[in-house]
Amino acid sequence: MINTPLTIKETQDGLKSKKFSAVELVDSYLAQIKKYNSEYNIFLTVTEELAYKKAKELDQIGNFSGPLSGVVTAYKDIFLTKGVRTTAASKILDNYIPQYSATTVKKIEQAGGIIIGKTNCDAFAHGASGENSDYGATFNPWNKEYVTGGSSSGSAGAVSANMSLVSLGSDTGGSTRQPANFCNLVGLKPTYGAISRYGVIAMSSSLDTVGSLAHTVDDIEIMYDVLKGEDGLDGNVVNPKPQTLNPKPRLGIAKEYFIEGLDSEVEKMIDSVKKTYEKIGIEVVELSLPHTKYMVPVYYIVMPAEVSSNLGKFDGIRYGNDRSAFGEEAKRRIMLGSYVLSAGYYDAYFEKAMKVRTKIVGDFNEAFKTVDAIISPVSPTPAFKLGENTNDPLKMYLEDVYTTTANLVGIPALALPSTFSKSGLPIGFQLMGPRFSEYNLFELGKKYHKEIDYKPKTAF
Amino acid sequence: MAKLTKKQVLHVAELSNLTLTDSEIKKLTPQLDKIIDFVAKLSEVDTDGVEPTSQTTGLTNILKEDIVKSDESLSQDEALSATDDQNGYFKVPSILTNRSDD
């Protein structure tokens, strides 16, 4: 077995110089899956046959010139994959085999990527821990007593456990960034409307985005270049204009982020991030986002309302099992959504939340007049223990306090690994920028990683 | 805030096309009550004259030509492949029953 490299460049250099073949790469990742998957519950389906088919094809052609040529990729099980079971980690879709693939799956395939399997997640992407999967929780490769975060639990687990080089997740309120943060990975939530969601099982249509996970910012950028742009099938997507980073960028930190419940190690890390940027000549200023405390309430009205509508199609007629197969969290969110949309409550809850959303967007428009990006924690704490938040849904919802922002405002956010806590758990932070400022965030992220001499690492 | 009643929960379950067991209702009622109480704190925000935001793209009326593209359409067999079909049709639950006075 070969040691699989942790970056796309090293992988492609190895393939081009014939240090190893694509088939040997697949051998290694599959061996890792066979060794650890039953213990960590990361993959729901392993696509061994498809992986070898694609690897042999690439080895035969032999030039590895596609941007993702030879890049082994895992997909959250809400991405439709033609001919490969897609469950959304819900018993409703236990036997569902899609007839077509998501645009993003097709784009990665065309760019030379190798599908290795479909990963576990909170059912229908509802959750912040991975524990809402109808197929059982995923265990954090860095420490088995802890959650991977969610909802893209298996996508983060797969990359941090060296079972795949990169993965796709989704991010509706932090579902890519929070697991990236809990598993020592880079995670991107793109601008709403940058990447097509065609063929991704919908959760909350005004918030849903396709997320990517990898070990380095360079790799996230390569994936973004492949994934972005119009496909004519998601009407929200436009081709973004190229941007250049302000030669003297300025960053901001909101004073409202330092709230009760913010772990002291996370707080210290944010301070060290500020110092690192200052050391390399980037100014960091304090700013105010006055509606920060309303993020979670707005999110937990808008999101369930859209969930109740999107999950209406699961009636067991055209596909899947009937509605009695919904898990507990899906039922809770459908009920909550129907309530806030129902006659007599619509104005007080749904309409009100949409108006406060306008005020939140206004806070950010104001902030981006003076700064190029905002530094924020991803999660108030490092990974928590399995079972710690499961009995209190509201406590679990408060995990989303720093991540829902980017979804409500529609802006990009890049989660970056930074350090480890005293107990050995990964901690990171995120950068948020104006709409379509992805490349600026990449550049700022790379500057930070260069300064701290960041080296990608897997748990085992 | 008024406490959520069992009657309200049953009404919302009906709107949601969900059949809940007694133990589910017992568990869900206080949970939903607590969440609704929490999100109700939005009432303290002054939103007089504020327009609602339903999406963030700034795009309006994205239309496309009404053309059938066969590579983006499912055949009848494909469309029916994920369910029990009958004579080439989807099977739906019956909404009419036999009259009992026949």
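First, a word on what this report is: a plain description of the structure on this page.

When helices and strands are tallied, chain B shows three helices and two strands. Ordered by position from the N terminus, the helices and strands of chain B form the series α-α-α-β-β. Relative to the compact-globule value of 13 Å for 102 residues, chain B shows a C-alpha radius of gyration of 23 Å, a clear excess of over 25%. Summarising its shape, the C-alpha atoms of chain B cover approximately 55 × 55 × 25 Å along the three principal directions. Split into buried and exposed, the 102 residues of chain B put 26% on the buried side.

Looking now at the nonpolar core. General note: in soluble globular proteins, nonpolar side chains tend to be found buried as a group. If you look at the biggest cluster of nonpolar residues, it comprises 151 residues, and the most contacted ones within it are Ile-116, Tyr-277, Phe-364, Ile-374, Ile-375 and Phe-429 of chain A. Core analysis: the second largest hydrophobic core is formed by eight residues, Val-147, Phe-182, Met-396 and Leu-425 of chain A among them.

Turning to unusual backbone geometry, a few remarks are in order. Residue Gly-150 of chain A is joined to Ser-151 of chain A through a cis peptide bond whose omega torsion reads 10°. Along the chain, Ser-151 of chain A turns up in the loop between strand 3 (114–119) and helix 5 (153–160). In this model, Ala-89 of chain A sits at a positive phi of 55°, which is unusual for a non-glycine residue. Despite not being glycine, Asn-17 of chain B shows a phi value in the positive range, around 55°. With respect to the helices and strands, Asn-17 of chain B occurs in the loop between helix 1 (6–15) and helix 2 (22–39).

What follows covers the side chain of Ser-167 of chain A. Residues and elements named next belong to chain A. If you trace the backbone, Ser-167 turns up in strand 4 (residues 166–171). Here Ser-167 falls in the buried class, since its relative accessible area comes to 0%. Among the polar contacts listed, one links the side chain of Ser-167 to the backbone oxygen of Ser-155, at a separation of 2.8 Å. Excluding residues within four positions of it along the chain, Ser-167 makes contact with Thr-73, Ala-74, Ser-155, Val-159, Gly-211, Ser-212, Leu-213 and Met-223.

Parameters and conventions
- Residues numbered from 1 in each chain as written.
- Chains lettered and ligands numbered in written order.
- Predicted model: local features only at pLDDT ≥ 70, side-chain atom pairs only at ≥ 80, totals over all residues.
- Heavy atoms only, no water.
- Helix = DSSP H or I, 4+ residues; strand = E, 2+ residues; numbered from the N terminus.
- Rg over C-alpha atoms; globule rule 2.2 N^0.38 Å.
- Buried < 20%, exposed > 50% of the residue type's maximum accessible area, 1.4 Å probe, protein only.
- Core = buried A, V, L, I, M, F, W, Y, C linked by side-chain atoms within 4.5 Å.
- Polar contact = N/O pair within 3.5 Å; in protein donor to acceptor, adjacent residues only side chain to side chain.
- Contact = heavy atoms within 4.5 Å.

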